[in-house]
Amino acid sequence: MTTPLLEVQGLDVEFTTPGGGSLHAVRDVSFTLRRGETLAVVGESGSGKSTTALALLRMLPGTGRITGGSVRLNGEELTTAGEERLRAVRGARIGMVFQDPMTALNPVLTIGRHLDEVLRAHGERDGRTRRARAVELLRLVGIPDPERRLGDHPHRFSGGQRQRVLIAMALAGEPDVLLADEPTTALDATVQDQILTLLGELTRTTGTALVLITHNMGVVARACDRVLVMYGGTVVEDGPTADVLTRPRHPYTAGLLAAVPRLSAPSGTRLTGIPGTPPDLALPLTGCAFAARCALAEERCHTTAPPLTAVTDTVRAACLPAAERGEPLPPPPPPAKIDRPAPGAVVLTAEGLRKTYRSRGRRSFTALDGVSLTLAAGETLGIVGESGSGKSTLARVLAHAHPSDGGRILLDGEDVTRPGRKELHAVRRRVQMVFQDPYASLNPRMTVGEIVAEPLRAFGIGTPADRAGRVAELLRLVGLDPAAADRHPRSFSGGQRQRVGIARALAPGPDVLICDEPVSALDVSVQAQIVGLLTDLQRDLGLALVFIAHDLAVVRQVSHRIAVMHEGRVVETGDADDLCEHPRDPYTRALLAAAPEPVPLAAVRVPAPAEAVSA
Amino acid sequence: MTTLAAAKPAPARKPRHPYRAALATARGRTGLALVGLVVLAGLLAPLLAGHGPTDQSALALAGPGTPGHPLGTDDLGRDLLARLLHGIRADLGIIAVAVPLGAAVGCLLALAAAAHPVADTVVQRAFDLILAFPGLILALAVTAVLGPGRLPVILVIALAEVPAFGRLLRTGILVQSGREYVTAARVGGTSGGRILTRHILPNAADPLVVQIAVSLTVAVFLEGAMSFLGVGVRPPEPTLGAVLSQSMPYLAQAPHFAAGPLVTVTTLVLGLSLTAEALNREIRR
């Protein structure tokens, strides 16, 4: 067997925190990449997957530095190479594709100029050759009519097309390795599918090896031969995608797989999560990083750091019990049915809601175009759609954060579309909202206690003296320690902040809770905790929930009924299970088809990855 | 679904207020020490000077180290140390009134601008008008109307600082009011006034603190320049700019005459700039 293209041995990366401490973001990471191989690096936020990728090219941000280990590209050491040498490697030998295609292109330069500059940097002197090569690259990534589009500016391309252009730029230097850091996270599911297909084709036709960094198990299943699972800065499992995804050895891999919502899971079942929160990387690590959250942890797991050992010929796992067990972990039990009471009478009705955003000198944009829906007490109405479908606008209009331009909103049969000052106050007490971004939706200057008490104050609930007690009660209700009331939002993780947001929404005792993408900013293992909390609260308090998300699988499990939105209209609405199994609208069908499942279908369709590795 | 919070032990050091942390850095400490030195000299002027700032002696243009006159005397035989210390006192008195006045007026106008679109247009154009005049032209225009003196200097400095504070706060309010937590507060039933005072203003105020340190620096310059040009505080009362102006004809034969005010202004400006920079770095993090 020839030497691997890229060989990483015992890589360590540290950051210096503002307080002067050090944060060990990547600990002892080792892996190899062969020519033409596709490797997925998968993990949740803080697992060190992006840091590892950036460390390969020594492009660590801020105070980050490599404190140990080696990175060899074709046998050449990169951790000690000079800046000149690295410049020659970046782009030419290792190309990079970033997460957000909307900000990665310079808006004042044409696409042609972007490609031209990259090609010039790679030493192509002749202008005409560069242009011809640019056209060729655009054709390669599937941009129609490339000659004409070279003169267009980035704003004339859609998000998916921009990502294609960025891939073309990364390929311009004919690199041996393409590093893609969450290349599809900012894109809609249907576009994500196209980009993954493109990446797969490119690696086959050009022989470029691909390192795909992602948090999405579905993306891994669809695009990569081999997968490296990271947790808390360490590699926990490494092996062929088909093996790892179907027969996980490490409890974290198994937990992560079980936590991914499946489209096949019926409505009214509980999402599986991983209890606890990811480790604090600023603290020294003894033993396995996952031990604190692991149901199978033994005494030695907390004291001895598990080495990455070969469990089978191809799979390596960093778990002491797993190395001895020799057997893969049993599949997770099927999702448990939740006993939930049947929905009651209708509380909220929307009839023909319209909302148009006008901006000076430009065409107006219709965000809502005659949306009608009903919501019963104790019922969850799921709303799915891609970005720009108007689902967030609908949430804001229903919560009276923005006025509607037309149509009616009825609360218990009373028209509350354009309430007066007093009625608005009464409506708000009954209709509350949970926001998408748990970082932006909490005032950083207030303590958690003050944030949760804010609606109590506003609605004059209780005397100032008993508010503290009510706040403690609310925090306990959402699964937080009442002692959290004295701390600021910045000392909490994303999932905990979302709990604070839910506690605030519950404070005035609402009947309707509008959740605008409450879990899309959270990791899958934490997502299940928040969804479970909302379901429990609904059962205990009889809340009517509007659950907005772009992930159809989560929505199906949570909702009684689903409404599918597309371009400001509801294109299909119906019973959750019925809609997912017998979609009638073509758009619903497209959404269902594009949802990535963490099952390695590729293993069935193309030659088995195990063979590809040994070839 | 168990309790998650407070599982981690509290960090060893309690997080300090960011401003205190900023001022505890080497940069912040140096800045504060320099400013403190000058301010102390100004406050203790009557105790340290030993002479009145306008007392004349028989010695004119005595060199430094002359008995009874550590820094020497000026062309009229007045003690330079006394004039310098009282000059600092006068200067600090002016900028300590003028900058907060400018800041207060600027912030009030910014609030008005944020409240109503018509007020916004009026305020913005007024700021444009003030900014169209360079500081010294503004100074000459104001003194042409009011005549020289302490009050015109204060007015000029305040006027020059109003747009800086106004623009900064207006931008801050606009940025913060678009944030999701403000929408959350609105949906949570919080009243408009409380949203402004409790949610928006605390988050928009950070840049203002930095701007105060910057504005104090500009004010020192502006006061010095006005006194130097003879449109500032009326002589014989000493200010740093006035002493400097007076020393100009003697620069070749008695350079120590100009040294006092120059060193003082440099120290003060350096100290304020370091403080502003330290605060700014902390806030941007």
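Residues numbered from 1 in each chain as written. Chains lettered and ligands numbered in written order. Predicted model: local features only at pLDDT ≥ 70, side-chain atom pairs only at ≥ 80, totals over all residues. Heavy atoms only, no water.

## A few points about the overall build of chain A
Worth spelling out the cut-off: Only DSSP runs of H or I with at least four residues qualify as helices, and only runs of E with at least two residues qualify as strands; both kinds are numbered from the N terminus onward. Put simply, the radius of gyration uses C-alpha atoms, and a globule should come to 2.2 Å times the residue count raised to 0.38. Under the scheme applied here, a residue whose accessible area is under 20% of the maximum for its type counts as buried, over 50% as exposed, and between as partly exposed, the area being computed with a 1.4 Å probe on protein chains only. What makes two residues a contact is simply this: any of their non-hydrogen atoms within 4.5 Å. Reported accessibility uses the Shrake-Rupley method at a 1.4 Å probe radius. Residues are deemed covered only where the shown protein chains occlude them. When charges are counted, neither His nor the chain ends are considered; positive counts come from Lys and Arg and negative counts from Asp and Glu. Charge positions are represented by NZ for Lys, CZ for Arg, CG for Asp and CD for Glu.
Looking only at helices and strands, chain A features 22 helices and 22 strands. The C-alpha atoms of chain A give 26 Å as radius of gyration, which agrees with the globular expectation for 615 residues (25 Å, within 12%). Burial status across chain A gives 55% buried among its 615 residues. Considering only residue pairs separated by 6 or more positions, chain A has 69% of its internal contacts joining residues 24 or more positions apart. Looking at chain A as shown, the accessible area adds up to about 25,700 Å², and 52% of this sits on carbon and sulfur atoms. Once the 69 positive and 69 negative side-chain charges of chain A are each reduced to a mean point, those two points are 5 Å apart.

## Concerning the confidence of the model for chain A
Test applied: You can read pLDDT as the predictor saying how much it trusts each residue, on a scale of 0 to 100.
Of the residues in chain A, 96% have a pLDDT of 70 or more, and the chain-wide mean is 85. Confidence drops under pLDDT 50 across residues 602-615 of chain A; counting only partners more than four residues distant or on other chains, this segment forms eight contacts.

## Considerations on the interface of chain A and chain B
Many analyses report the size of an interface as the accessible area lost when the parts associate. Rule in force here: Accessible area that two parts lose when put together, evaluated with a 1.4 Å probe and summed over both, is termed the buried area. Should a side-chain nitrogen of Lys or Arg be within 4 Å of a carboxyl oxygen of Asp or Glu, the pair is scored as a salt bridge. Side-chain atoms alone can form a polar contact between residues adjacent in sequence; in general such a contact is a pair of N or O atoms within 3.5 Å, and within protein one must be able to donate a hydrogen while the other accepts it. Under the grouping applied here, Gly and all other residues not named as nonpolar or charged are polar, the nonpolar ones being Ala, Val, Leu, Ile, Met, Phe, Trp, Tyr, Cys and Pro and the charged ones Asp, Glu, Lys and Arg.
Counting residues at the interface gives 40 residues for chain A and 24 residues for chain B. Carbon and sulfur atoms make up 53% of the area that chain A and chain B hide from each other, which totals about 2,800 Å². Linking chain A with chain B are four salt bridges, by the criterion used here. A salt bridge links arginine 194 of chain B to glutamate 454 of chain A, with the shortest nitrogen-to-oxygen separation between them at 2.8 Å. Across the chain A-chain B interface, the total number found is 13 residue pairs in polar contact (both at pLDDT 80 or more). Every element with two or more residues in the side of chain A that touches chain B is listed here: α13 (421-430), β18 (431-434), α14 (448-458), α16 (494-506) and α17 (524-541) of chain A. Among the elements that make up the side of chain A that touches chain B, the one with the highest residue count is α14 of chain A (five residues). Of the residues in the side of chain A that touches chain B, the class split is 17 nonpolar, ten polar and 13 charged.

## Let's talk about the packing of helix α4 (residues 127-140) of chain A against helix α6 (residues 159-171) of chain A
Residues and elements named next belong to chain A. Stated precisely, the cut-off is as follows: Helix axes are fitted only over the stretch in contact, all axes being lines through C-alpha atoms; the angle between N-to-C directions runs from 0 to 180 degrees. An angle below 35 degrees is treated as roughly parallel, one above 145 as roughly antiparallel, one from 65 to 115 as roughly perpendicular, and anything else as oblique. Note on convention: near helix rotated counterclockwise from far helix by under a right angle means a left-handed crossing. Clockwise means right-handed.
It is the contact of α4 with α6, at a shortest axis distance of 9 Å, that shows an interaxial angle of 125°. When the interaxial angle is binned, α4 and α6 end up oblique. Considering how the two elements wind past one another, α4 and α6 form a crossing that is right-handed. Residue-level inspection shows Arg133, Leu137, Leu138 and Leu140 of α4 in contact with α6, the latter providing Val165, Ala168 and Leu171. Counted by class, the contact of α4 with α6 contains six nonpolar, no polar and one charged residues.

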